[in-house]
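# Examination of the molecular architecture
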Amino acid sequence: MPQLAQRIGRAKPSAIMLIAEKAKQLKAAGRDIISFSIGVPNFLPGEHVYAAAREALSHDSGQYGSNRGAEPLLDAFLKHIEALGFSGYGRLNLSIGIGAKQVLYNLAEALLDEGDEICFPAPYWTTYRDIADIVGAKINVLPCGAEQNYKLTPAQLDAALARKPKMFLFNNPNNPTGMAYTREEIAALAEVLVKYPETWIVTDDIYNSMVFDGIGYHNFVHARPELRERLIFVDSVSKTYGMPGWRVGMIAGPESVAKAVTTLNSNHITSVPEVITAAAVAAFAGPQDVPQAKCLEFAGKRDTVVAALRAIPGVICPRPQGAFYAFPDISVAFGKSHNGQKIENDVQFCAALLEAKGVACVPGSAFGEPRALRISYTCPTAQLAPGLARMAEFFAELS
């Protein structure tokens, strides 16, 4: 029979979803499972979002929409990014897609030819490597371990950009670590970026409204405005507004890039549906009390998680200041056993933890850091302390 395309051999299912599916199967079988695995905010948007969707549905045209995105959504996004400090952008600098993941894939198709190099720090969101593999890009991963608080240094960036990669991909606040860069840290990296004008800069900053401790959200263009000529900012309604299933992502960048992404839209998604567009407009333009309250709630949960993890002997957990993740280094467990089961790596650790204690976490190797695991602490508050206690019990039982 005919063969599949070679690129399919480079495509892999999401490691995060595999863990989540295993946890779901165990729960369906009657196990008491607490899931720290999947990165969804686990809250719903405000009622005004649903009201806007119902109103749009009542007079739905049933027609195709704009490949770039409906004008009301473009305008709402412009106001959103202006509040974030992005000035001087217009509709032609924007494009809307089916979630940030699809937008990032479009950017890879638009900016990377096969064999071009892309670089990004590790730990990284799993999809970065997957997309780069599918489009045939060469990947240069910049390791940023717990010993440097999972943050990229200017020296690392300088060395990477000296190789003249076609794209530098950056995520702030970061998934999976929850680390957020300060104004000073962003400014120091921006000083390096201006030295290498041949590299596109993509900032995947979909957690920009989930920053704790008053450090604020910062972008390279805030420090060096001239970078906007080759910087593409990626955002989404998924995390901030509790709308991951609505699938709305967007970019702001140079007109040429926005046009290229819009052209790709015309060849696959065509447009974001009217009802979903109306909901996204309401999310951006309406009351912000729900996301603001959730940001405060997540900051409190962060404190609970970090305190519990740091109380476990040998576990290292840099203090996250954004998103809703913690990323402890659990390598102290390697070489030990739990109930006779030897643990040599993060995958075996997570499998044993799930089987023995019913706690689901994602192995750090899925994010390019095999000494760690990711905890998403968006579970119901009543489950948080018991789940962390089970993890502590697991460590105490290692021999």
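One can find the structure itself at the top, above this paragraph.
Not measured: the values here are computed from a predicted model.

### A look at the pairing of strand β7 (residues 231–236)
Among the six residues that make up β7, six are buried, leaving the element largely enclosed by the rest of the structure. Of the two faces of β7, the one carrying Leu231, Phe233 and Asp235 and the one carrying Ile232, Val234 and Ser236 are both buried. Here strand β6 (residues 200–204) runs beside β7; their pairing, made up of four bridges, is parallel. Its bridge partner lying in β7, Asp204 is registered against Val234. Direction of pairing for β7 relative to strand β8 (residues 249–252): antiparallel, over a ladder of four bridges. Residue pairing for β8: Val234 is matched across the bridge by Ile251.

### Quick look at the pattern of salt bridges
Inspection of every chain in the model, using the stated rule, returns 22 salt bridges. Residues Glu355 and Arg31 are paired through a salt bridge, measuring 3.8 Å at the closest nitrogen-oxygen approach. Here the residue Glu355 occupies a position in helix α12 (residues 346–357), and Arg31 occupies one in the loop between α1 (15–28) and β1 (34–35), the gap between them amounting to 324 residues. Put simply, Lys357 and Glu393 hold a salt bridge, and the shortest N to O gap is 3.5 Å. Within this pair, whereas Lys357 is found in helix α12, its partner Glu393 is found in helix α13 (residues 381–396), the two being separated by 36 residues in sequence. We classify Lys357 as buried; its relative accessible area is 15%. Each of Asp213, Arg302, Asp303 and Arg319 takes part in a single network of salt bridges with overlapping partners.

### Some remarks on helix α4 (residues 99–111)
In this model α4 runs 19 Å from its N-terminal to its C-terminal C-alpha over 13 residues, within 8% of the 18 Å that 1.5 Å per residue would give. Here α4 has its buried residues at Gly99, Ala100, Gln102, Val103, Leu104, Asn106, Leu107, Ala108 and Leu111.

### Considerations on unusual backbone geometry
The residue after Ala122, namely Pro123, is reached through a cis peptide bond having omega 10°. Each neighbour pair has its own omega, and for Asn172 with Pro173 the value is -10°, a cis peptide bond. Within the secondary structure, Pro173 is located in the loop between β5 (167–171) and α7 (183–193). At Ala323, a residue that is not glycine, the phi angle is positive and equals roughly 55°. Tracing the backbone shows Ala323 in the loop between α11 (289–310) and β9 (325–326). Assessed through its relative accessible area of 0%, Ala323 is described here as buried.

### Structural notes on the packing of aromatic side chains
Given two aromatic rings, their pairing is described by the distance between the two centres and the angle made by the two planes. Within this structure, the stated rule accounts for 23 aromatic pairs. Where Phe349 meets Phe394, the ring centres are 5.2 Å apart and the plane angle is 80°; that geometry is what we call edge-to-face. Placement of Phe349 in helix α12 and of Phe394 in helix α13 is noted, with a sequence separation of 45 residues between them. Phe394 matches Phe349 in its accessibility class, with the two residues each being buried. Every member of this aromatic cluster is reached through a ring pair, and the members are Phe77, Phe86, Tyr89, Tyr217, Phe233, Tyr241 and Phe284. We note Lys151 situated over the ring of Tyr181; from NZ or CZ to the ring centre the distance is 5.5 Å. Across from the ring centre of Tyr89, 4.2 Å away, lies the NZ or CZ of Arg228, which sits over that ring.

Definitions and limits used
Residues numbered from 1 in each chain as written. Predicted model: local features only at pLDDT ≥ 70, side-chain atom pairs only at ≥ 80, totals over all residues. Heavy atoms only, no water. Buried < 20%, exposed > 50% of the residue type's maximum accessible area, 1.4 Å probe, protein only. Helix = DSSP H or I, 4+ residues; strand = E, 2+ residues; numbered from the N terminus. Pairing = 2+ DSSP bridges. Salt bridge = Lys/Arg side-chain N within 4 Å of Asp/Glu carboxyl O. Expected span 1.5 Å × (residues − 1). Phe/Tyr/Trp six-rings, centres within 6.5 Å; stacked < 30°, edge-to-face > 60°. Lys NZ or Arg CZ within 6 Å of the ring centre and 35° of its normal.

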